[in-house]
Structure formats: structure tokens, C-alpha cells
Amino acid sequence: MLAAALLTSALVVGCARDTGSTPPAAGGGEAGAQCARNSAPPAATGAAATPAPIAPNADASALKVALAYDIGGRGDLSFNDAAAAGLAQAIDELSLVEGNTREVAAAENESPDAAATRLRQLVADGFDPIIAVGFKYAEPLRVVAAENPNVRFAIIDDDTVDLPNVTPLVFAEEEGSFLVGAAAALKTQACKIGFVGGVETPLIQKFEAGYVAGAQAVAPDIEIDVDYLTPAGDFSGFADPAKASVVTNGQLDAGSDIIYHASGASGQGVFEAVHAASTPEDPKYAIGVDSDQYQTVAPPINEVIMTSMLKRVDVAVFNYINAVAAGDLGVLPERFDLAADGVGYSTSGGMIDDITDELDAYKAAIISGEITVPATP
């Protein structure tokens, strides 16, 4: 029923929902603009997700662990905070000594030399392992890891550093984004939804590609607005809530009633714009990313977050620290995907409780290989 190539970023608006389908609880578009829907695919037998491989808890008390965060550091309510949660779990469960940890963060648009200097300082201060949070560390890490072959490094969201002392921690963002795209199509009342990306890079395009594919799997004629805050190379798009708010308002004014962001700390601007535009008579909704943002964003703003695409950076960080402490990196999955429970969707707030059976049918079809989710737009 579905091909891997069901991807265009915008299609014709004005399709009609089948009269026999159940109206969604979310959305508030014009009457007659609801989407004609396909049926959910059959659940694949025996394709339930399994937890990411986790070895028995090891003793990490002898380790000195550093996290080098992406732009914004702690407090982004998303990607960096998810990494911090994995470190906190290691402190709680692996006897990692909090005084033997350090957290540093990247600056906006800093040079690769500045990032390399930060990594070298962590090495000089005796930290091992060092976890680089974000693909922007790839080039500086390639240099610093080669200089220090006896220090263990990991990098989240990049698998291009081919060195024996560097472990990639990568995810199937497109698979989790497919599920929240399907949720948006099942819930929209306008047959029009939006996507706001932080920076137009191949990584963030994976979120876009999966989201569009999931929405079109449910409603082939749905219209999807796609905007990026900054082009590749300008990483300020991950830390500009004001710009995100402006872009979101543009999508709302153009008729989108559900907007998914993959923009780091800029997502706060998406949520605030959606909340300001939402009324009881014409509700609007947002979709969070990385963490369960219904839980991390303060009320009442969080009340418009109908779900979040969970990217289990916390699981990856915890599992990596545990594997280092145990001396066995082989327990880590090659990719944290749906089958490894490395991505998924949240249900906090109860706004998608009525469609989880359909979402889980798509999830099972992806895990079984019945659906192949594209990773590029």
C-alpha cells in the first residue's frame, strides 16, 4: 500500500475526509477541508519493539565522564536535556560520581577550532569517556580523537568519524517522525500541517522526510508546509525562539493547524506561537521533538503539545557509559531505531489516546519492513 517514495513537501489542499471516518479531537480547519484517509496498514505479526540492548548495570565509579553539549547546553528542553538525563541516570544507577562529571556547551556559530580546544581541555583534565552531543563536533572530534588514541569518545548524530576510539550513537529519526506525521494527519481538521526545522542539514531533513511520509501514508492529499530557520552552516537556527515564532505564525496564518518542530531550543517559539493562536473554537496543536516536551515545557504552553517524537538520546548516553564501564561496547546497537526502542512517540496529555492503535500498526509495519521510511526529502 505504501512506497518508500511517498514524499513531496506540499500537495493540493481541499481534500475531503471520508464520511465514515471518525473525526479527530484536534485541529480546527474550515469545514470540507478535512483529509481523505487511507486505512492503517495491518500490524505485522511478531514485530513488537524490543528495548535497546542494555547490559547489566556496571560500576562506573572509576570513570570521569564529560558531556560536550550542542548549542544552548542544558535548558533547551529537548536534545541537550535528553543527553543530560542519560548522564543523571548513570549517576543514579551506575555509581558514577557526580564530581567526576563535567558539562560544557558549544557557542553559536563557533569555529571548529573552538570546539577542538574545548575537547582538548576535557582530555587534559582527565575525562574519559567524552561524549560529543551533536554532529557539529564531527570534524573537531576527528582531530582530537586521533591525537588521543587512548581516550574513549562517543558522538551523537554522526557516524563519519572512523576511528577505533570513537563510538557513533545514531538514530532513525525518520522512523519516529513518520509516526508523529501519521498522528498529525489523523488529527488535522484543516488537511494542512507544518514542519519547522532548525537548520537545513541532512540530519534535520530526516525529520522532515519521515514526517511527510507518515502524513501522506494516512492522507495522500494532505498539504505540508516546510520551513527552515537557517541554512546549512548557520547553527543559530537551533537557538532562536523569536524567529521560530515568526515562521510558525506564517504557517498558522496559511492554514496549518498542527506544526512539528525539529529545532532544538527554538521550539519554544513554535509552542508559544501555537498556544497564542489556539482557541477553544479553533484549536491548534504542536508536536515536540527529542524529549517528551509535554512534560518539559511549562504550562499552560504545554497544553498544545499533542505528542512528541521521542529520540532516546538519554538511552544512548546511559547505555554508552554503562558499556564503557563494563568494557564491552559491543552491546550497543548500530542504530537506535524503532526496533531498538530508540525512537517513538509520547502520549502525555492524552490527546492521541484514540489513535495509538493506528500508530502502533504503522510502527509494526516499519519494524517488519513492510514500510520503508525515506531518510531524505
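Residues numbered from 1 in each chain as written. Predicted model: local features only at pLDDT ≥ 70, side-chain atom pairs only at ≥ 80, totals over all residues. Heavy atoms only, no water.

(A) Region of the structure containing the sheet that holds strand β6 (residues 192-200). One open sheet accounts for 6 strands, arranged β7-β6-β8-β9-β10-β11; its pairing is mixed. Pairing within the sheet leaves two strands with one partner each, and these edge strands are β7 (223-231) and β11 (343-345). Adjacent strand axes in the sheet meet at a mean angle of 15°, parallel and antiparallel pairs treated alike. Packing of helix α5 (residues 202-218) onto the sheet brings it into contact with β6, β7, β8 (258-262), β9 (285-290) and β10 (305-311), and relative to β6 it is tilted by some 170°. (Pairing = 2+ DSSP bridges. Helix = DSSP H or I, 4+ residues; strand = E, 2+ residues; numbered from the N terminus. Axes fitted to C-alpha atoms, helices over the stretch in contact; angles between N-to-C directions. Contact = heavy atoms within 4.5 Å.)

(B) Seen up close, the sheet that holds strand β2 (residues 101-105). Taken in spatial order, the 5 strands make up an open sheet running β2-β1-β3-β4-β5, and their pairing is parallel. For this open sheet the edge positions go to β2 and β5 (166-169), each flanked by a neighbour on one side alone. The mean angle between the axes of side-by-side strands here comes to 15°, regardless of whether they run parallel or antiparallel. Here 4 bridges tie strand β4 (residues 153-156) to β5, and the two strands are oriented parallel to one another. Counterpart to Phe153 in the pairing with β5 is Val166. Set on the sheet, helix α1 (residues 79-93) makes contact with β1 (65-69), β2, β3 (130-133) and β4; between it and β1 the angle comes to about 170°. Of the strands in this sheet, β1, β2, β3 and β4 touch helix α2 (residues 112-124), which is tilted by about 170° from β2.

(C) Geometry of the packing of α1 against helix α9 (residues 313-326). Where α1 meets α9, the closest approach of the two axes is 7 Å, and the angle between their N-to-C directions is 40°. Between α1 and α9, the angle is such that the two are oblique. The hand of the α1/α9 crossing is right-handed. On the side of α1, the interface is formed by Phe79, Ala82, Ala83, Ala85, Gly86, Leu87, Gln89, Ala90 and Glu93, while α9 contributes Val313, Asp314, Val317, Phe318 and Ile321. (Parallel < 35°, antiparallel > 145°, perpendicular 65-115°, else oblique. Left-handed = near helix turned anticlockwise from the far one by under 90°.)

(D) Structural detail: the pairing of β4. Alternating residues of β4 divide into Phe153 and Ile155 and Ala154 and Ile156, and every residue in both groups is buried. With 4 bridges joining them, β3 and β4 adopt parallel strand pairing. Looking at the pairing, Val133 lines up with Ile156 of β4. (Buried < 20%, exposed > 50% of the residue type's maximum accessible area, 1.4 Å probe, protein only.)

(E) Geometry of the pattern of salt bridges. Tallied over the full model, the rule gives 19 salt bridges. Of the charged contacts in the structure, one is a salt bridge between Asp125 and Arg102, with a shortest N-O distance of 2.4 Å. Of this pair, Asp125 sits in the loop between α2 and β3 while Arg102 is found in strand β2, placing the two residues 23 residues apart along the sequence. Note that Arg152 is salt-bridged to Asp128, the shortest N-O span being 3.1 Å. With Arg152 in the loop between α3 (138-147) and β4 and Asp128 in the loop between α2 and β3, this pair connects stretches of sequence that are 24 residues apart. Given the relative accessible area of 31%, Arg152 is considered partly exposed. Connected through shared salt-bridge partners, Asp157, Glu173, Glu174, Glu175, Lys206, Lys311 and Arg335 make up one network. (Salt bridge = Lys/Arg side-chain N within 4 Å of Asp/Glu carboxyl O.)

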